Amino acid sequence: MHGWTGRILRVDLNRLEHSFQKLDGDFARKWVGGRGFASRILWEELEPGTDPLGPDNELIIARGPLTGLLAPSSGKLVVAAKSPLTGGYGDGNIGTTASVELGKAGYDAIIIRGRAPRHSMLVVEDNKVSVEPAEDIWGLDTFEAERRLRKTYGRFAGILVIGPAGENLVRYATIISQEGRSGGRPGIGAVMGSKNLKAVVIKGSGEVPVADKKELVKTATQAFRDIKHKPNYEFWMRQGTMMTVQWGQENSVLPAYNYSEGVFEASESMDGYAMERVKVTQRGCPNCNMTCGNVVLDEEGKESELDYENVAMLGSNIGLGDIRKIAVLNRLADMYGLDTISLGNTIGFAMEASEKGLLEEKLEWGDYERVRELIGEIARREGLGGLLAEGTRRMAERLGGEAYKFAMNVKGLETSAYDCHATPGMALAFATSPIGAHHKDAWVISWEVSTDRLSYGREKAAKVIEHQRIRGGMFESLVTCRLPWIEVGLDLDYYPRLFKAATGISMSLDDFMALGDRIYAQIRAFWIREYGSWDRRYDQPPAKWFEKPLTKGPLKGAKLDYTRYQGLLDHYYDLRGWDTRGIPRRGTLRRLGLEDVAEELDRIVGLSE
Ligand code: PTT
Ligand code: SF4
């Protein structure tokens, strides 16, 4: 086998045992890696109804056939499990040296089951695998825990850790690496905490075998060179994803006041230029020549790594416009191991609930001091923090009445930082994302605002699917960073060439698109089996965007149209080969090689032809 190491590590924390499993060649070709592997393994191995925070859930850490190899921005890793936030399939993508080390240690994936009898960490050094006590680092924040582990395991060890939020099972706790990379928005950090697992340390001394090293070096060198010569490379290196703040403001999509508005009066004091004024350095993932982690000095004089989502969610969305204060909140989220997107959402939701008199505590928009404290309370599940630790869907259920109308989530996962009052295509992208409202699978918004932005035409559904195939299918299975393509414009044709050089297998871009469709159908089947039934209610954007129009900015008065959105969703289902309930048709599943899935789904919901 080339590109793949050919081996999976299985760890049973109940029994403190591990085993090595051979990776089946047909399985590898059919699912490729990363999300492809995780979605199929969770389908095959989890009993329906498994408690996401119970020992029978599986935490999967998976590379793909390009991960860690000489390929642009290839230091990425998929972390997946059944989500405690949504109850469905959940995953995230984290940039970390652990991705490189996993391949070097000789594994394509680690599958962790069970619950360790005491606070532990998993240490993998090539063939040596052990579960070690972690009492001395349990309770530490992610930065301190990782620093201590580095003293023992060295500078180059790949380290994934959780913070107090993961230990306390906050439903949107993530896994953190390298003091600023975060992965697993749908609570994958809480799954790790539920297993009593504080850290995973990976060190490898081998090399992933590749089919044609000469060709790989040639193609990758050309790709790295292309990236550097792209016209927007220089500006990307200055601002990275932070350039989106200004763009969001100009296009009325910057979320403000819990997604009530798409413009924010203080956007200039939190945009990419404001960031540049306090920037001290730049960090990133391994194997990347367009590193985008902008490190600034925050209000407390400490380093904090900023991205657009973090700044919009902990800034304008909660009514705060000071970049250095926002940077403190972002650093705390990284230290506690909390997803900034869900965090900014739950705080924004609580502020709106307080404004409406639904909360006992008075929480003011932009109250930095109170939010600073509240983040710790969420991670420790203290007082009001205990409520916010549950995410907006459960918060709305507890508050009752019409609170659900301003709970900004889809399927329980909070929306990323794009206001969709006036972007039906992006609303559809959130509504049909396979993990809940994340932008990672389809970021059609920049295309949408530059075309017929208010239309609900079939071309929008087609664009969402095109993105989902490339981003959610190809990049999440190869596993490499998608930003060279989407942000600086690297030609997509590089990827089949790199894949061929790594694995020796020819797969065209169309084949990768079919892979994306297979993964989408597989993940949808997982949700349907977990929920026991399915209908289009689950594929709806948050109610606020339909009901409460924008009151400011050039698009004042805009809101989504419910009936027209249903038409757009119909186009989406039709193009995917799914029926009007959002369930893949029998013929679609057959075409994708998922006959067994068809049989099981037919028993649960009855399939359409
Ligand atoms: C990702 C999500 C994002 S997406 C952001 S900023 W973005 C937030 N970052 C957080 C953070 O930081 N700290 C924190 N405590 N919580 C955070 N939550 C949010 O998590 C990330 C980059 C970015 S920055 C993006 S778009 C791209 N995402 C990729 C992806 O999903 N797949 C892929 N193949 N390549 C990608 N490249 C880019 O990676 P999740 P990272 Mg992340 C501090 O994990 O769960 O997918 O959520 O991984 O290493 O931080 O890189 O404007
Ligand atoms: Fe990581 Fe940014 Fe490079 Fe992607 S572009 S690999 S997120 S540093």
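Residues numbered from 1 in each chain as written. Chains lettered and ligands numbered in written order. Predicted model: local features only at pLDDT ≥ 70, side-chain atom pairs only at ≥ 80, totals over all residues. Heavy atoms only, no water.

K.L.:
Just checking my understanding: could you explain the site of ligand 1 for this structure?
P.N.:
Near ligand 1 there are 29 residues, and of these Asn93, Ser182, Asp334, Asp339 and Glu476 occur at the shortest range. Within the contact set of ligand 1, a nitrogen atom lies 2.6 Å away from a side-chain nitrogen or oxygen of Asp339. Counting residues per element, the ones that place at least two in the shell around ligand 1 are strand 5 (89-95), strand 11 (181-183), helix 11 (308-314), helix 12 (323-336) and helix 13 (340-355). With four residues, the top contributor of residues to the shell around ligand 1 is strand 5. When the residues that make up the shell around ligand 1 are grouped by side-chain class, the tally is six nonpolar, 13 polar and 10 charged. (Near = heavy atom within 4 Å. Polar contact = N/O pair within 3.5 Å; in protein donor to acceptor, adjacent residues only side chain to side chain. Helix = DSSP H or I, 4+ residues; strand = E, 2+ residues; numbered from the N terminus. Nonpolar A, V, L, I, M, F, W, Y, C, P; charged D, E, K, R; others polar.)

K.L.:
What is the right way to look at the environment of Gly516 in this model?
P.N.:
Residue placement: Gly516 occurs in helix 22 (residues 509-531). By relative accessible area, which is 0% here, Gly516 ends up buried. Sequence separation between Gly516 and Arg35 is 481 residues, and the spatial gap between their C-alpha atoms is 9.9 Å. (Buried < 20%, exposed > 50% of the residue type's maximum accessible area, 1.4 Å probe, protein only.)

K.L.:
Honestly, the nonpolar core in this entry has me stumped. Any pointers?
P.N.:
Across soluble globular proteins, nonpolar side chains have a tendency to be buried as a group. With 167 residues, the main nonpolar core has Leu338, Ile347, Ile378, Leu388 and Tyr495 as its most contacted residues. For this core, the leading source of residues is helix 22, giving 11 residues. If you look at the next biggest cluster of nonpolar residues, it comprises 28 residues, including Val11, Ile162, Ile175 and Val191. (Core = buried A, V, L, I, M, F, W, Y, C linked by side-chain atoms within 4.5 Å.)

K.L.:
Got a minute to help me understand the environment of Arg586 in this structure?
P.N.:
By the element assignment, Arg586 lies in helix 25 (residues 586-591). Residue Arg586 is classed as partly exposed on the basis of its relative accessible area of 21%. The spacing of Arg586 and Gly606 is 20 residues in sequence and 9.5 Å in space, taken between C-alpha atoms. Of the polar contacts made by the side chain of Arg586, one reaches the side chain of Glu609; its length is 2.8 Å.

K.L.:
Mind showing me how you'd approach the coordination of the magnesium atom of ligand 1 here?
P.N.:
Ideal donor angles around a metal are set by the shape: a four-donor tetrahedron calls for 109.5 degrees, a six-donor octahedron for 90 or 180 degrees. Protein coordination at the magnesium atom of ligand 1: the donors are Asn93 (O) and Ser182 (O), at 2.6 to 2.8 Å from the metal. Of this pair, Asn93 sits in strand 5 while Ser182 sits in strand 11, and the two are 89 residues apart along the sequence. For Ser182, a relative accessible area of 32% translates into the label partly exposed. (Donors = N, O, S within 2.8 Å, 3.2 Å for Na, K, Ca; no water.)

K.L.:
In this structure, what is going on with the site of ligand 2? I would like to understand it.
P.N.:
Surrounding ligand 2, one finds Ser73, Lys76, Arg181, Gly284, Cys285, Cys288, Met290, Thr291, Cys292, Cys481 and Leu483. Residue composition of the shell around ligand 2, by class: six nonpolar, three polar and two charged. Domain assignment of the residues forming the shell around ligand 2 places at least three in each of domain 1 (7-203) and domain 2 (236-414). (Domains from an automatic or database assignment.)

K.L.:
I'm lost on the pattern of salt bridges in this one. Help?
P.N.:
A side chain with one charge can pair with a side chain of the opposite charge if their charged atoms come near. Inspection of every chain in the model, using the stated rule, returns 55 salt bridges. Salt-bridge contacts for Glu179 lead to Arg147; the nearest nitrogen and oxygen are separated by 3.0 Å. Placement of Glu179 in the loop between strand 10 (175-177) and strand 11 and of Arg147 in helix 4 (residues 142-153) is noted, with a sequence separation of 32 residues between them. Overall, Glu179 belongs to the partly exposed group, its relative accessible area being 22%. Arg581 is paired through a salt bridge with Asp579; the nearest N and O atoms lie 2.8 Å apart. Taking the relative accessible area as the measure of exposure, Arg581 reaches 25% and is therefore partly exposed. Since its relative accessible area comes to 4%, Asp579 is described here as buried. What you see here is one network of salt bridges that share partners, running through Arg35, Asp91, Lys440, Asp441 and Glu476. (Salt bridge = Lys/Arg side-chain N within 4 Å of Asp/Glu carboxyl O.)

Just geometry here; none of it tells us what the structure is for.
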